[in-house]
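Examination of the molecular architecture
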Amino acid sequence: MPANSPSVVLIGGGPRTAGLLERLAANRQELFAGPLHVHVVEPHAPGSGRIWRYEQDAGLMLNSTAADVTMFTDASVQCEGPAVDGPGLAEWAAGVLDGSIADVPELPQRLRAQLGTLTGATFPTRQLQCIYLEWFFRRAVAALGPETTVTVHQDTASAVEPLQTDPERVDQEQGDPGVDGYSVRLADGAALHADVVVASLGHTDSLPDRESAAWAGFAARHGAFHAAPSYTTDVDYSSIAAGQDVIVSGMGLAFVDLLVLLMEGRGGRFEELPDGGLRYLPSGAEPRLWAGSRRGVPYHSKITSTLRGDAAGEPKFFTDEAVEARLEASGELDFRAQLWPLIAKDAGYAYYRELFTGYPERVRIGWEEFAERFSAADWYSQERHRLVVESVPDTELHLDLERLDRPFEGRVFEGLADVQAAVAAHIGRDLELRTGPDHSETLALFISLLKAYMDLGRLVPSARLNARSQREVQGWWHGFFSFVDSGPPPRRLREMLAIHRAGLLRFLGPGLEIEAAEYSGRFVATSAQSKITVSAAALIEARLPEPSVVRSANPLLRQLHTSGLGTEQQLLTADGTHATGRLLVSAHNELISPVGERRERVFGVGPGTSGWGAGAFARPKSNAAPFRENDALARRILNLLTREGSVQENNYQNNNHAVPQAAARGKGRP
């Protein structure tokens with residue numbers, strides 16, 4: 001391959017990069033002819049990356065069923081590039097088992113056994129998902145064809161540096177004028193030439209914020225234990241002793257993983273009971289956990305029921321037409337005032353359609369009459385409230401999204417026993433609603449919220465939201481969606497109740513507050529609502545770190561900020577300037593400089609950016625946002641390379657005008 005062939009450097013080699021490679025392959029024939037170099041910089045295995053790597057506890061599971069996972073951009077995805085059908089996780093597993101998919105390494109017997117029992121309704125292990133993602137990566141690389149070389153560097157990128165060219169030779173049509181490509185420096189000292197750079201870093205660590213840093217210092221002074229926010233499986237918990245009291249702040253997915261590591265991971269096991277419950281049999285090596293959060297309850301269970309009423313249709317209120325009308329009437333949109341009522345009304349419509357058509361014995365009027373009156377009323381109107389009261393006699397079936405978000409709002413508990421009973425009952429009721437056969441209205445709600453979450457970025461350019469709303473979308477809306485729609489497998493909540501009954505898990509209730517008591521050298525957890533106070537010599541902040549470019553533990557993110565190639569997103573609200581912590585990107589995923597310049601050949605994607613795209617894999621046939629974004633970005637990259645081909649050829653022939661860079665050295669990984 002010619003040495004002066006265009007080159008793309010993808011920093012980060014997890015599933016988001018694998019999806020982008022697949023889209024480059026799918027669009028290449030239409031948009032780009034000729035040889036191409038692609039470099040993937042990833043310290044872990046390409047395809048799975050850090051979060052989905054094989055080397056983690058074998059008991060950790062996905063919070064999605066096998067039927068709900070695909071990496072393929074199917075025909076549902078609204079994009080310019082061609083659809084490419086392929087097996088989702090469930091079909092892939094069946095193909096590996098029957099031999100129709102043969103390009104998979106020999107699997108350990110444990111994973112072969114998982115393949116034999118896996119169905120579309122199974123929540124697979126992360127190790128199995130890892131094998132699928134790495135298979136998909138290899139498939140995407142192969143699809144790029146013989147004129148593309150892909151080199152994997154098992155390393156970390158530390159800097160992206162522009163290569164300056166002679167100003168007199170600048171093509172005015174070229175992006176990033178005065179820049180003749182980029183040098184991507186690796187931790188081992190190598191440098192890769194890049195015509196286009198994509199930072200796809202996934203979830204990265206951040207240095208502790210002021211509060212966490214203070215707690216870490218307190219723990220060091222007093223010989224206590226403190227774990228700052230991090231990916232749970234990367235934390236060393238070995239210094240936590242058997243029987244030790246541990247305060248846990250956070251009850252989301254990181255907390256669920258923590259239970260796996262500190263309970264079964266220390267030798268405990270679960271026993272099935274005749275009534276369908278579980279009994280936890282301790283090993284004696286477990287600590288005792290005291291868990292709380294703002295809500296005081298864990299994320300809602302994933303749903304295993306099926307719809308029994310009318311088929312779910314397209315959104316009726318949060319639609320292209322409704323959003324476009326608001327965009328035309330207003331310079332900026334307010335999420336709470338103008339968009340959330342539409343999302344909530346769609347969610348309510350879907351919920352009640354399933355209730356009325358699937359369980360007509362539970363309502364007083366027919367669906368057609370209810371739907372007509374419901375459609376005519378605003379979500380937060382008295383008319384809608386009266387309609388539900390008149391039509392649905394069981395108040396437990398009334399959809400209250402605020403109560404769903406904060407189930408213990410305003411409740412004052414009578415003490416420890418009251419809190420334990422209330423939280424356990426909440427979890428039990430959640431399992432009943434979401435896994436039993438008689439409440440599929442919860443599935444209809446799930447589907448509606450998922451579609452709204454995926455469609456928000458397609459319907460609403462982030463720049464058209466006011467600053468307060470951008471902050472709220474990244475904060476409250478993402479948190480609410482995760483709480484309701486992105487919870488753990490039902491089994492994990494059954495296990496949580498069993499551990500609670502075994503006396504190894506106590507609930508602190510909502511409104512958790514933590515302080516470090518210098519007089520005792522212990523952390524103190526309190527809740528004004530629950531009237532509980534607990535002190536312990538160990539504190540775990542069970543959550544991923546908030547994104548932060550300024551405080552990032554990732555050397556590349558810090559360098560992008562300090563060099564001025566990129567910057568952290570800042571929002572000006574009525575309360576002042578607010579830093580979101582996210583890497584600022586344009587609507588086309590280009591990095592934005594501190595003075596607003598677009599870096600037309602340096603892109604950023606993923607959860608640490610200000611872009612809309614969510615996740616890396618998705619449900620099949622869901623027009624998934626990350627797949628749309630991957631396709632648009634791939635086409636943009638290929639068009640850039642095509643447009644600048646003649647410029648690149650000239651620059652390589654006259655490279656004495658460019659700042660020299662070290663030859664790219666790859667650490668190839670099979």
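This structure is a prediction, so every number in the text was calculated from the model and none was measured.

**Focus on the sheet that holds strand β13 (residues 505-509)**
The strand order across the open sheet formed by five strands is β8-β17-β9-β12-β13, and the pairing between neighbours is parallel. Looking along the sheet, the strands with just one partner apiece sit at the ends: β8 (225-227) and β13. Neighbour to neighbour, the strand axes of the sheet diverge by 20 degrees on average, direction disregarded. Where strand β12 (residues 288-292) and β13 come together, four bridges link them in parallel fashion. Paired with Leu 289 across the strands is Leu 505, a residue of β13. Along the sheet, helix α5 (residues 210-222) makes contact with β8 and β17 (538-541), crossing β8 at roughly 155 degrees. Helix-sheet contacts for helix α6 (residues 253-262) involve β9 (245-249), β12, β13 and β17, and the interaxial angle to β12 is about 175 degrees.

**A closer look at the pairing of strand β15 (residues 522-527)**
Both strand β14 (residues 512-517) and β15 contribute to a ladder of six bridges, which runs antiparallel. Across the sheet, residue Ala 516 finds its bridge partner in β15, namely Phe 523. Where β14 folds back on β15, the antiparallel hairpin that results is connected by four residues, among which Gly 521 adopts a positive phi of roughly 70 degrees. With five bridges joining them, β15 and strand β16 (residues 532-536) adopt antiparallel strand pairing. Its bridge partner lying in β16, Ser 527 is registered against Ile 532. If you look at the hairpin formed by β15 and β16, you'll find four residues sitting between the two strands, and Lys 531 has a positive phi there, around 60 degrees.

**As for helix α8 (residues 335-358)**
Here α8 is 24 residues long and its end C-alpha atoms lie 32 Å apart, about the 34 Å a rise of 1.5 Å per residue gives. The sharpest bend along α8 measures roughly 25 degrees and falls at Pro 341. With 19 of its 24 residues buried, α8 lies for the most part within the structure. Of the residues flanking the start of α8, the one acting as N-cap is Asp 334, its side-chain oxygen 3.2 Å from the backbone nitrogen of Arg 336.

**Some remarks on the sheet that holds strand β5 (residues 179-186)**
Judged by pairing direction, the sheet is antiparallel, and its three strands sit side by side in the order β4-β5-β6 without closing on themselves. Looking at the sheet topology across the chains shown, the edges are occupied by β4 (157-164) and β6 (191-194). Neighbour to neighbour, the strand axes of the sheet diverge by 25 degrees on average, direction disregarded. As paired elements, β4 and β5 share six bridges and run antiparallel to each other. Residue pairing across strands places Ala 157 opposite Leu 186, the latter belonging to β5.

**Quick notes on the packing of aromatic side chains**
This model, assessed by the stated rule, comprises 35 aromatic pairs. Centroid distance Tyr 352 to Phe 370: 5.3 Å. Interplanar angle 55 degrees. Geometry classified as tilted. Highlighted residues: Tyr 352 in helix α8 and Phe 370 in helix α9 (residues 367-376), separated in sequence by 18 residues. As far as the burial class goes, Tyr 352 and Phe 370 line up, both buried.

**Quick look at the side chain of Ser 586**
Structurally, Ser 586 can be placed in the loop between β19 (576-583) and β20 (590-592). Judged by relative accessible area, Ser 586 falls into the buried class, the value being 16%. A distance of 2.6 Å separates the side chain of Ser 586 from the side chain of Glu 590, its partner in a polar contact. Discounting residues that sit within four places of it in the chain, Ser 586 has contacts with Ile 592 and Arg 598.

**Things to note about the packing of α9 against helix α10 (residues 382-391)**
Relative to each other, α9 and α10 sit at 160 degrees, their axes nearing to 9 Å. Of the possible angle classes, the one that applies to α9 and α10 is roughly antiparallel. The element α9 and its partner α10 pack so that their crossing is left-handed. Contacts between α9 and α10 involve Phe 370, Arg 373 and Phe 374 from the first element and Arg 384, Leu 387, Val 388, Glu 390 and Ser 391 from the second.

**What about the pairing of strand β2 (residues 36-41)?**
In terms of burial, β2 is a largely internal element, six of the six residues being buried. Alternating residues of β2 divide into Leu 36, Val 38 and Val 40 and His 37, His 39 and Val 41, and every residue in both groups is buried. Bridge count between strand β1 (residues 7-11) and β2: five bridges; the pairing is parallel. Residue Ser 7 lies in a different strand from β2, and its bridge partner there is His 37. Running through helix α1 (residues 15-31), the crossover from β1 to the neighbouring parallel element β2 is right-handed. Relative to strand β3 (residues 148-153), β2 runs parallel, the two sharing six bridges.

**Comments concerning the confidence of the model for the chain**
On average, the chain scores 92 in pLDDT, and the residues at 70 or more come to 93%. Contacts for the low-pLDDT stretch residues 169-174, under 50 throughout, to residues beyond four places or in other chains number 14 contacts. Every residue in residues 651-670 is under pLDDT 50, and counting partners more than four places away or in other chains gives 43 contacts.

**Concerning the packing of α8 against α9**
Angle between the axes and distance between the axes are the two parameters that describe a pair of packed helices. As a packed pair, α8 and α9 sit with axes 10 Å apart at the nearest point and diverge in direction by 170 degrees. Considering the angle they form, α8 stands roughly antiparallel to α9. Between α8 and α9, the contacting residues are Lys 345, Gly 348, Tyr 349, Tyr 352, Arg 353, Phe 356 and Thr 357 on the first element and Trp 367, Phe 370, Ala 371, Phe 374, Ser 375 and Ala 376 on the second. In the contact of α8 with α9, the residues fall into eight nonpolar, three polar and two charged.

**Describing helix α15 (residues 490-501)**
With twelve residues, α15 should cover 16 Å at 1.5 Å per step; its first-to-last C-alpha distance of 17 Å lies within 8% of that length. In terms of burial, α15 is a largely internal element, nine of the twelve residues being buried. Here α15 has its buried residues at Pro 490, Arg 492, Leu 493, Glu 495, Met 496, Leu 497, Ala 498, Ile 499 and His 500. Those residues of α15 hidden inside the fold are in contact with α6, β10 (269-272), β11 (278-281), α12 (416-435) and β13. Directly after α15, the chain includes Gly 503, whose backbone phi takes a positive value near 85 degrees.

**A look at the pattern of salt bridges**
Inspection of the entire model under this criterion finds 38 salt bridges. The salt bridge involving Glu 590 is made with Arg 636; its shortest N-O contact spans 3.1 Å. Separated by 46 residues along the polypeptide, Glu 590 in strand β20 and Arg 636 in helix α17 (residues 625-643) bring together distant segments of the chain. The partly exposed category is assigned to Arg 636, whose relative accessible area is 27%. Among the ionic contacts, a cluster of salt bridges with common partners joins Glu 272, Arg 491, Arg 492, Arg 494 and Glu 495.

Analysis parameters
Residues numbered from 1 in each chain as written. Predicted model: local features only at pLDDT ≥ 70, side-chain atom pairs only at ≥ 80, totals over all residues. Heavy atoms only, no water. Pairing = 2+ DSSP bridges. Helix = DSSP H or I, 4+ residues; strand = E, 2+ residues; numbered from the N terminus. Axes fitted to C-alpha atoms, helices over the stretch in contact; angles between N-to-C directions. Contact = heavy atoms within 4.5 Å. Expected span 1.5 Å × (residues − 1). Bend = angle between axes of the 7 residues up to and from the residue. Buried < 20%, exposed > 50% of the residue type's maximum accessible area, 1.4 Å probe, protein only. Polar contact = N/O pair within 3.5 Å; in protein donor to acceptor, adjacent residues only side chain to side chain. Phe/Tyr/Trp six-rings, centres within 6.5 Å; stacked < 30°, edge-to-face > 60°. Parallel < 35°, antiparallel > 145°, perpendicular 65-115°, else oblique. Left-handed = near helix turned anticlockwise from the far one by under 90°. Right-handed = clockwise from strand over helix to strand, strands pointing away. pLDDT = per-residue confidence, 0-100. Nonpolar A, V, L, I, M, F, W, Y, C, P; charged D, E, K, R; others polar. Salt bridge = Lys/Arg side-chain N within 4 Å of Asp/Glu carboxyl O.

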